[in-house]
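This is what each chain is made of:
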Amino acid sequence: MEHTYKEPAPITDKENPFESMMARFEHAAQILGLEDGAYQYLKSPVKQIITSIPIIMDNGSIQVFEGYRVIHNDILGPSKGGLRFAPDVTLDEMKALAAWMTWKCAVVNIPFGGAKGGIKCDPAKLSLNELEKLTRRFTANLLDIFGPERDIPAPDMNTNEQVMAWVMDTYSMHTKTTARAVVTGKPLILGGSLGRREATGRGVMMVSIAALKKKGISPDAATAVVQGFGNVGSVSAQLLAEKGIKIIGLGDISGGIYNSRGLSIAQVMEYFTRNRALTGFPEAESISNEDLLELQCDLLVPAAKEDQITKHNAPRLRCKIITEGANGPTTAAADPILEDKGILVVPDILANAGGVTVSYFEWVQDRTGYFWSLDKVNKRLERMMHEAFDNVYHHAGTYKVSLRLGAYVLAINKVASTLKIRGIYG
Ligand code: GLU
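Values in this document were obtained by computation on a predicted structure and should not be read as measured data. (Residues numbered from 1 in each chain as written. Predicted model: local features only at pLDDT ≥ 70, side-chain atom pairs only at ≥ 80, totals over all residues. Heavy atoms only, no water.)

1. Focus: the overall build of the chain
The condition is simple: Think of it this way: any DSSP run of H or I at least four residues long counts as a helix, any run of E at least two long counts as a strand, and we number them from the N terminus. Throughout, the radius of gyration refers to the C-alpha atoms, and the reference size of a globule is 2.2 Å times the residue count to the power 0.38. Burial classification: accessible surface area is computed with a 1.4 Å probe over protein chains only, and a residue below 20% of its type maximum counts as buried, one above 50% as exposed, and the rest as partly exposed. We call two residues in contact when some of their heavy atoms are within 4.5 Å. Note on areas: Shrake-Rupley with a 1.4 Å probe; residue coverage comes only from the protein chains shown. His is not counted, nor are the chain ends, whereas Lys and Arg count as positive and Asp and Glu as negative. For charged residues, the charge sits on one atom: NZ in Lys, CZ in Arg, CG in Asp, CD in Glu.
Secondary structure summary: the chain contains 14 helices and 12 strands in total. The C-alpha atoms of the chain give 21 Å as radius of gyration, which agrees with the globular expectation for 426 residues (22 Å, within 12%). Along the longest, intermediate and shortest principal axes, the C-alpha atoms of the chain span 65 × 55 × 55 Å. For the chain, the proportion of its 426 residues judged to be buried stands at 56%. For the chain, restricting intrachain contacts to residue pairs at least 6 apart in sequence, the fraction spanning at least 24 positions comes to 68%. Carbon and sulfur atoms provide 52% of the accessible area of the chain, an area that totals close to 18600 Å². Taking the average location of the 47 positive side-chain charges in the chain and that of its 47 negative ones, the two points are 5 Å from each other.

As structure tokens, then:
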């Protein structure tokens, strides 16, 4: 038999997100002096599921999609994490995102483990009918994985309240119950929570204000750039502007817009709703996505996708604070560069944890059948985000490391201590 030797892939900064996550995990595990057994346990996902999802397309043909659910860890409680629909979804990406959910839930101190799932598909090319079939068949395939006490999905990239409603309905039909708590990020009418849609952006705003305070910058005098204009980016921009911060740059997949005098978020929102893109907004110059990240500003919020800040562009960044609205927007190779530059990075597992925190509130409300006011949701979110920020800051100070490593140390310590008390069954 002939063997073809394959050259190992060159080491580039386009890291596999799982490796990027592992680099931070390993560093934090070392700082903590984590025992080898616990290290082995926490680095391996509990379950990795790949499922084929056949559906009949609108034209009558059968198409088979690939779906994933990775449960990284369930020591702190049922696993929690979003579902994303995108053409570039891979198992490795799911593994990284699932692990980030484990650490994120531990950082904000909610009783969940971490998971992530998705379907490799291009939702823009699917009809609503096809999207519904895809979601329902995926849910049916994972019936014995999902459950209010087992594994609870939520929205992520390209999934929304409607998709969550289909998951909830499919699961409920099979279990012959009204299983509200099987999924979060649902429409209000189905047992969703007030404030869930804005929660990630609201959390981003809260920790950004806390970081500005640490740097001695008043919000009224601060400028910000937000990359990404989906749910997280648009809400973050809006709420930061409400706090008096001048938003000078915004970007989406169509490109970036810049105005040194500040952009009116209300006008941008209106333009975006009409045109489904930011580019061409009249009151601004258009700039590339690369240039957007390198604008001089106090606060940069990458809220688009992974691997945006790399060792290549990190030396050119001119911000004082980065609040990671997206999961994994900074590669591990960029971390030391940002640290040397004195940029304060509020890491993803803290910065974007507002979403899963209000998901937790939604799950609690669904299980008690008693729903809270928006004011109560936002106040409780604020308390939990501030406690988490202070706790991460404290850990970073104690171990003399970045906020990112401080957050990992805090999270890994919490999960490892829980593992120790629970013990290993078998
Ligand atoms: N997909 C979101 C995240 O990455 C929310 C997860 C959830 O609410 O379960 O944090």
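Okay, back to it.
2. A short note on the site of the ligand
Inclusion rule: Residues are classed as near a molecule or strand on a simple rule: at least one heavy atom within 4 Å of it. Here a polar contact means two N or O atoms within 3.5 Å. Within protein one must be a hydrogen donor candidate and the other an acceptor candidate, and residues neighboring in sequence count only if both atoms are side-chain atoms. All residues other than Ala, Val, Leu, Ile, Met, Phe, Trp, Tyr, Cys, Pro, Asp, Glu, Lys and Arg, Gly among them, are scored as polar; the first ten of these are nonpolar and the last four charged.
Taken together, the neighbourhood of the ligand is formed by 14 residues, with Lys80, Lys104, Pro155, Asp156 and Ser359 sitting nearest. In the environment of the ligand, an oxygen atom lies 2.8 Å from a nitrogen or oxygen atom belonging to the side chain of Lys80. For the ligand, an oxygen atom lies 2.5 Å from a polar atom in the side chain of Ser359. Surface burial for the ligand is 94%, taken as the share of its 300 Å² of free accessible area covered by protein chains. Mapped onto the shell around the ligand, the elements with two or more residues apiece are strand S3 (79-86), helix H3 (91-107), strand S5 (151-155) and helix H12 (354-368). Residues of the shell around the ligand, tallied by class, amount to four nonpolar, five polar and five charged.

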